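A structural walkthrough
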Amino acid sequence: MDILLMGPPGAGKGTQGAILSEARGLPKFATGDLLRDAVKRKTPLGLKAKAVIEAGNLVSDDIILGIVREQLAKPEAAKGVIFDGVVRTIPQAEGVERLLAERGRRMEAVLFFDVTDEEILARLNKRRNIEQRADDDPAAVATRLKAYRQQTAPVLDWYEQRNLLRRIPAVGSVEEIAQRARRALEH
Ligand code: AMP
């Protein structure tokens, strides 16, 4: 079963993805985590992507789809994956659909964690003090929100047209939101 988690930065995709991954016994795969790790280890990918990520812009679709291809080829991904923040543009949505189809699979559901801008800014501000992420500084956050609105928000319609989108109000306790996510996957 392949499930995609979408939502603006700070919507809680990482936290909810970890809960879902545990509950379903499926690996969680987050391009943001993989990219941050590549930057830290100074791999060729990391060196190439560092400036883009730290400014809050999107990494190219080719790079992202190359990473998805690699991850889907892993044995632990054979039964399905929880995709966290992986699809951020329409070409990525099309590419992931193609890569899954090559394996005889298709996206089962897309959970959209919906939060207001006000809430996002408050959460990212808090996270910046805890995780020290370079891309949580105010200028990078503004760029990330702009990238989200311009490039990622249209992807929601793309999945809606395919009847895959489930909207989860993502304000409340972690457990409340996890329960909404579980229910959304029941039908
Ligand atoms: P995240 O942790 O998901 O917020 O990702 C952190 C940063 O990594 C983003 O702001 C982008 O620069 C980059 N990134 C992660 N996933 C993608 C993606 N699917 N497409 C383009 N850039 C991405």
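Anyway, here's the lowdown on the structure attached to this text. (Residues numbered from 1 in each chain as written. Predicted model: local features only at pLDDT ≥ 70, side-chain atom pairs only at ≥ 80, totals over all residues. Heavy atoms only, no water.)

Digging into the overall build of the protein
Stated precisely, the cut-off is as follows: Runs of H or I in DSSP of at least four residues are treated as helices and runs of E of at least two as strands, each being numbered from the N terminus. For the radius of gyration, the atoms used are the C-alpha atoms, and the globule rule reads 2.2 Å times the number of residues raised to 0.38. Buried residues are those whose accessible area, probed at 1.4 Å on protein chains only, stays under 20% of the maximum for their type, while exposed residues exceed 50% and partly exposed ones sit between those limits. Throughout, a residue-residue contact means that at least one pair of heavy atoms, one from each residue, lies within 4.5 Å.
For the protein, the count of helices and strands is eight helices and five strands. Taken over the C-alpha trace, the protein has a radius of gyration of 16 Å; the compact-globule value for 187 residues is 16 Å, and the two agree within 12%. Burial analysis of the protein (187 residues in total) assigns 46% to the buried set. Contacts in the protein between residues at least 24 apart in sequence constitute 74% of all its contacts with a sequence separation of at least 6.

Section: the site of the ligand
Just so we agree on the cut-off: Residue proximity to a molecule or strand is established when one non-hydrogen atom of the residue lies within 4 Å of it. Two N or O atoms form a polar contact when they lie within 3.5 Å of each other; inside protein one atom must be a possible hydrogen donor and the other a possible acceptor, and for residues adjacent in sequence the pair counts only when both atoms belong to side chains. Residue burial considers only the protein chains on display, and all accessible areas are found by Shrake-Rupley using a 1.4 Å probe. Put simply, Ala, Val, Leu, Ile, Met, Phe, Trp, Tyr, Cys and Pro go in the nonpolar bin, Asp, Glu, Lys and Arg in the charged bin, and everything else, Gly too, in the polar bin.
Taken together, 16 residues lie around the ligand, and Thr31, Asn57, Val86, Arg88 and Gln92 are the ones closest in. Arg36 is positioned with one of its side-chain polar atoms (N or O) 3.0 Å from an oxygen atom of the ligand. Between a nitrogen atom of the ligand and a side-chain N or O atom of Gln92, the distance comes to 2.9 Å. For the ligand, whose free accessible area comes to 480 Å², the fraction covered by protein is 95%. Broken down by element, the shell around the ligand gets its largest block of residues, four residues, from helix H2 (residues 31-41). Grouping the amino acids of the shell around the ligand by side-chain chemistry returns six nonpolar, five polar and five charged.

Quick look at the sheet that holds strand E1 (residues 2-6)
Selection rule: DSSP bridges decide pairing: two strands pair if at least two such bridges lie between them. Axis definition: a line fitted to C-alpha atoms, limited for helices to the stretch in contact. Angles are taken between N-to-C directions and run from 0 to 180 degrees.
Read from one edge to the other, the open sheet built from five strands follows the order E2-E3-E1-E4-E5, with strand pairing classed as parallel. One side of each edge strand has no neighbouring strand; the edge strands of this open sheet are strand E2 (28-30) and strand E5 (165-169). Along the sheet, successive strands turn relative to each other by an average axial angle of 25 degrees, direction set aside. When E2 meets strand E3 (residues 82-84), the two strands line up parallel, connected through three bridges. In the strand pairing of E3, Phe29 is matched with Phe83. Strands E1, strand E4 (107-114) and E5 of the sheet are contacted by helix H7 (residues 138-161), whose axis makes an angle of about 140 degrees with E1.

With respect to the packing of helix H4 (residues 61-72) against helix H5 (residues 90-102)
Cut-off, in case you're wondering: Any angle between 65 and 115 degrees counts as roughly perpendicular, while under 35 counts as roughly parallel, over 145 as roughly antiparallel, and the rest as oblique. We call a crossing left-handed when the near helix sits turned anticlockwise from the far one by less than a right angle, and right-handed when that turn is clockwise.
Put simply, H4 and H5 touch, their axes get as near as 10 Å, and they point 25 degrees apart. Looking at the two axes, H4 sits roughly parallel to H5. Crossing hand, H4 versus H5: right-handed. Every residue of H5 that contacts H4 at Asp61, Ile64, Leu65, Val68, Arg69 and Leu72 is listed here: Pro91, Gln92, Gly95, Val96, Leu99, Leu100 and Glu102.

Brief notes about H5
Residues that lie three or four places apart on an α-helix share one face, since the helix turns once every 3.6 residues. To keep things clear, this is the line we draw: For a helix, the expected span equals 1.5 Å multiplied by the residue count minus one. Working note: the arc is built from the helix axis to C-beta atom directions.
Taking 1.5 Å per residue, 13 residues should reach 18 Å; H5 reaches 19 Å between its end C-alpha atoms and fits that length. Among the residues of H5, those classed as buried are Gln92, Ala93, Gly95, Val96, Leu99 and Leu100. One face of H5 carries all of its buried residues, which in axial projection span an arc of 165 degrees. The exposed residues of H5 that point more than 90 degrees off its buried face are Arg98 and Glu102. Packed against the buried residues of H5 are E1, H4, E3, E4 and H7.

Observations regarding the side chain of Gln71
With respect to the secondary-structure elements, Gln71 resides in helix H4. The contacts of Gln71, once residues within four sequence positions are left out, are Phe29, Leu34 and Ala77.

Brief notes about the pattern of salt bridges
If the charged atoms of two oppositely charged side chains come close together, the side chains can form a pair. Stated precisely, the cut-off is as follows: Any carboxyl oxygen of Asp or Glu within 4 Å of a side-chain nitrogen of Lys or Arg constitutes a salt bridge here.
Applying the stated criterion to the full structure yields 13 salt bridges. The closest approach of N and O atoms between Asp84 and Lys28, which form a salt bridge, is 2.9 Å. You can see Asp84 sitting in strand E3 and its partner Lys28 sitting in strand E2, a full 56 residues away along the chain. Residue classification places Asp84 among the buried positions, given a relative accessible area of 8%. Its salt-bridge partner being Arg182, residue Glu175 comes within 3.1 Å of it at the nearest N-O pair. In this structure Glu175 comes out as partly exposed when scored by relative accessible area, which is 46%. Each of the salt bridges in this network shares a partner with another, and the network as a whole consists of Arg127, Asp135, Asp136 and Arg144.

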